[in-house]
Amino acid sequence: MLTQLSQIIVSGLAIGSCYALIALAMVIIYKTSEVLNFAQGEMAMVSTFFAYSLLSTYNIPFIIAFPLALVFSLLLGMLVEFAFLRPAKNPTVLGLIVITLGAEMVLYGFAGWKWGAETKSFPSPILDTRVYNLKGIVISQLNLWIFAVCISLMLILFLFFRYSKLGVAMKATAQNQMAARLMGIRSKRILSLTWGLSSLIGAVAGVLIAPITLLDPNMMIDPLLKAFASAVLGGMTSLPGAALGGGILGVVENLFGWYVSTEFKSVVAFAIIVIVLCIRPSGLLARHYVKKV
Amino acid sequence: MLKVKNIETSYGFVNAIRGVSLDLEEGDIKTVLGANGAGKTTILKTIMGLLEDQPEKGTIEFMGKRIDRMDTEDIVRLGISYVPEGREIFPELTVFENLKMGSYTRRDKDGIRKDYKRVSEYFPVLEERKNQQAGTLSGGEQQMLAIGRALMARPKLLLLDEPSLGLSPALVKDIFEIIKAINREGITILLVEQNARMALNIGNYGYVLENGRIVLSDETRVLLENDDVKEFYLGIKLEESVKGYQRYKRKKRWR
């Protein structure tokens, strides 16, 4: 009984970590520009497809293909920002969000045209089928990797935003763009780097879950919605919040799926959003300062 | 050092600045006085390149180099720092991180450390609270942080936009003392103020701005003696009837 419960929690945390990664990617962009990036999932999907092409068409080993895919995703994120968001003159936040929806459709269409709509399996060297047994709790190699990558990425991000000059400059730009420019911080470049970074994190998530979800242009729609729910749960502006939100969502969803109903598993995410918005509208870990005069 | 020649700035169809010229030499504290909406802040924002496609007309030169319509980020690199109205600190960064962002463009670590020490001498409270989030500081402390942050860039020219806004009279005095001290170190200052008495007392030259035009400019000791300035900016009543009220409304002579 206890083993079973732990098992459910562990697999919940594994999938939750993936939600957390995409949620982190969304939060990074939201923090810097208050834009909800609906193209996040598709950006990750295209990067994953790029990795797929390298692996299966060009037979490049995973250890090289993966970094190449990360570089690709970085450039892709910067390109999306440059090509779609920057040309907007005096945009409203709502306008920018609609632009990301447009970018999402462009990328979706592109993936369908380039790689086709049929489902492919992702030739990852990390297998979901290879499992380890820890005192009765079964954990797959893939899940283990997802954990490890998630935790180390979060740690790196934490250190980056805490101690590096660029990271602090990104936070500064997010909080007050005019003041950041007055410090000599090139806010446009920072914004573009933010998109690149966010896209890179999304791509990591994409490559990690591709073996589970299989590869097709729709692969990211469900994870993206869940990630969005996690981000809202965590407060939309807080990186640890997004991570926590992803974990909670993954576990709750899995528990619900096991004990109540598998069919309504996905609905839980949205039930959670509604409950959070009712009880704590700013999210679990969001902090907000009132501007003093 | 800074030569602003006949600039015109508009917000859409509204002309905010209609031909303003300023001239600052090294070591000056010049001050711009004016009522709300006279265009004081707009002048500073125009100099800093914060208003897109402005100034519409006129030129701005800094150390012999045209800077009008340049990017703000590049203007800052030339050595101009702007302390905006309303502090505009980064509320969720710590005090220390705020100051660190002030020196963003600099590479010389020793110089930065020295300037940090200097800033904490001016504002010991910032050193005490360096790990506190800036948003939790009081208004006066935030103002100090904003000035300190601007100094961390080691500017040649410092533009100050209403540093006294919302501060207690005692604190205003402190801030103005520090502004004087900063100037003594060789930093040129352009000060925009509503608090005319304070501004005229520390500045060596003043401009009076009304409706986007400079209506009067002179050395501050002359301005302090000017009847119109006395009446409208310093609030000194010049003539009173025996009954204790003024019989006529004074007209400004410069119109």
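Considerations on the overall build of chain B
Working step 1: The secondary structure content of chain B amounts to 10 helices and 10 strands.
Working step 2: Taking 2.2 N^0.38 as the reference for a compact globule, 255 residues should give roughly 18 Å; the C-alpha atoms of chain B span a radius of gyration of 19 Å, in line with that estimate.
Working step 3: Counting only C-alpha atoms and orienting by the principal axes, one finds that chain B spans roughly 65 × 40 × 30 Å.
Working step 4: Taking all 255 residues of chain B together, the buried fraction comes to 56%.
Working step 5: Taking as baseline every contact in chain B between residues at least 6 positions apart, the subset at least 24 positions apart corresponds to 65%.

Digging into the packing of aromatic side chains
Working step 1: Summed over all chains, the structure comprises 11 aromatic pairs over all chains.
Working step 2: When the ring of F160 of chain A is compared with that of F161 of chain A, the centres are 5.2 Å apart and the planes differ by 70°; the resulting orientation is edge-to-face.
Working step 3: An aromatic cluster of at least three residues, connected via ring pairs, comprises F49, Y52, F110, W113 and W115 of chain A.
Working step 4: In this arrangement the basic side chain of R149 of chain B is found over the ring face of F90 of chain B, its NZ or CZ atom lying 4.9 Å from the centre.

Considering the interface of chain B and chain A
In many analyses, interface size is given as the accessible surface area lost on bringing the parts together.
Working step 1: Listed as interface residues are 37 residues of chain B and, on the opposing side, 26 residues of chain A.
Working step 2: For the pair chain B and chain A, the two sides together bury roughly 2900 Å², of which 54% comes from carbon and sulfur.
Working step 3: For chain B, the biggest contributors to the area lost against chain A are E73, F90 and Y104 of chain B; these three give 22% of the whole.
Working step 4: Put simply, chain B and chain A have three salt bridges between them.
Working step 5: The closest approach of N and O atoms between E97 of chain B and K171 of chain A, which form a salt bridge, is 3.7 Å.
Working step 6: For the pair chain B and chain A, the number of links is nine residue pairs in polar contact (both at pLDDT 80 or more).
Working step 7: At five residues, helix α2 (residues 72-78) of chain B tops the list of elements feeding residues into the side of chain B that touches chain A.

As for the pairing of strand β8 (residues 188-193) of chain B
All names here are of chain B.
Working step 1: By the criterion of burial, β8 is predominantly enclosed, with six of the six residues buried.
Working step 2: Burial of the side chains of β8 extends over both faces: T188, L190 and V192 are buried on one face and I189, L191 and E193 on the other.
Working step 3: Bridge analysis of strand β3 (residues 29-34) against β8 gives five bridges, and the strand direction is parallel. Within the sheet, the bridge partner assigned to I29 lies in β8 and is I189.
Working step 4: Of the pairings in the sheet, the one linking strand β7 (residues 157-161) to β8 comprises five bridges and is parallel in character. Residue pairing in the sheet places L157 in a bridge with T188 of β8.

Some remarks on a positive patch on the surface
Working step 1: Taken together, the side chains of K165 and R189 of chain A together with R77, R107 and K109 of chain B define a basic patch exposed on the protein surface.
Working step 2: Examined against the element boundaries, R189 of chain A turns out to sit in helix α8 (residues 187-213).

Digging into helix α3 (residues 62-85) of chain A
Residue and element names in this part refer to chain A.
Working step 1: With 24 residues, α3 ought to run about 34 Å at 1.5 Å a step, and its terminal C-alpha atoms sit 33 Å apart, in line with that.
Working step 2: Taken as a whole, α3 has its buried residues at F62, A65, A69, L70, S73, L76, G77, V80, E81 and L85.
Working step 3: Buried positions along α3 lie against α2 (40-57), α4 (93-115) and α8.

Observations regarding the sheet that holds strand β5 (residues 65-66) of chain B
Residues and elements named next belong to chain B.
Working step 1: Taken together, four strands build an open sheet; the order of strands is β2-β1-β4-β5 and the sheet is antiparallel. Unpaired on one side and paired on the other, β2 (14-24) and β5 mark the two borders of the sheet.
Working step 2: Relative to strand β4 (residues 57-62), strand β1 (residues 2-11) runs antiparallel, the two sharing five bridges. What sits directly across from L2, in β4, is F62.

Here we look at the sheet that holds β7 of chain B
Residues and elements named next belong to chain B.
Working step 1: Strands sit in the order β6-β7-β8-β3-β9-β10 across an open sheet of six strands; the sheet is mixed. Each end of this open sheet is capped by a strand with a single partner; those strands are β6 (80-83) and β10 (213-219). Taking each pair of neighbouring strands and ignoring which way they run, the sheet shows an average axis angle of 15°.
Working step 2: Sheet analysis places β3 next to strand β9 (residues 205-210), joined by five bridges and oriented parallel. Within the sheet, the bridge partner assigned to T31 lies in β9 and is G206.

Considerations on the confidence of the model for chain A
All names here are of chain A.
Working step 1: Per-chain confidence: chain A averages 84 in pLDDT, with 97% of residues scoring 70 or above.
Working step 2: No element of chain A has a lower mean pLDDT than strand β1 (residues 131-134), which averages 77, and none a higher one than α3, which averages 89.
Working step 3: Confidence drops under a pLDDT of 50 for residues 289-293, and excluding neighbours within four residues, the segment shows 14 contacts in the predicted structure.

So, the side chain of N183 of chain B
Working step 1: Along the chain, N183 of chain B falls in helix α7 (residues 169-184).
Working step 2: Residue classification places N183 of chain B among the buried residues on the basis of a relative accessible area of 14%.

A word on the pairing of β6 of chain B
Residues and elements named next belong to chain B.
Working step 1: Both faces of β6 are covered, namely the face carrying I80 and Y82 and the face carrying S81 and V83.
Working step 2: Of the pairings in the sheet, the one linking β6 to β7 comprises four bridges and is parallel in character. In the sheet register, V83 faces β7, and the bridge partner there is L160.

What to know about the environment of A14 of chain A
Residue and element names in this part refer to chain A.
Working step 1: Checked against the element boundaries, A14 lands in helix α1 (residues 2-33).
Working step 2: With 49 residues separating them along the chain, A14 and I63 place their C-alpha atoms 22 Å apart.
Working step 3: Ignoring sequence-local partners within four residues, the contact set of A14 consists of N143, I146 and F147.

Analysis parameters
Residues numbered from 1 in each chain as written. Chains lettered and ligands numbered in written order. Predicted model: local features only at pLDDT ≥ 70, side-chain atom pairs only at ≥ 80, totals over all residues. Heavy atoms only, no water. Helix = DSSP H or I, 4+ residues; strand = E, 2+ residues; numbered from the N terminus. Rg over C-alpha atoms; globule rule 2.2 N^0.38 Å. Buried < 20%, exposed > 50% of the residue type's maximum accessible area, 1.4 Å probe, protein only. Contact = heavy atoms within 4.5 Å. Phe/Tyr/Trp six-rings, centres within 6.5 Å; stacked < 30°, edge-to-face > 60°. Lys NZ or Arg CZ within 6 Å of the ring centre and 35° of its normal. Buried area = accessible area lost by both parts, 1.4 Å probe. Salt bridge = Lys/Arg side-chain N within 4 Å of Asp/Glu carboxyl O. Polar contact = N/O pair within 3.5 Å; in protein donor to acceptor, adjacent residues only side chain to side chain. Pairing = 2+ DSSP bridges. Patch = residues over 30% accessible without salt bridge, like charges linked within 9 Å, V, L, I, M, F, W, Y side chains within 5 Å. Areas by Shrake-Rupley, 256 points an atom, 1.4 Å probe, with all protein chains shown as cover. Lys, Arg positive; Asp, Glu negative; His and termini not counted. Charge placed at Lys NZ, Arg CZ, Asp CG, Glu CD. Expected span 1.5 Å × (residues − 1). Axes fitted to C-alpha atoms, helices over the stretch in contact; angles between N-to-C directions. pLDDT = per-residue confidence, 0-100.

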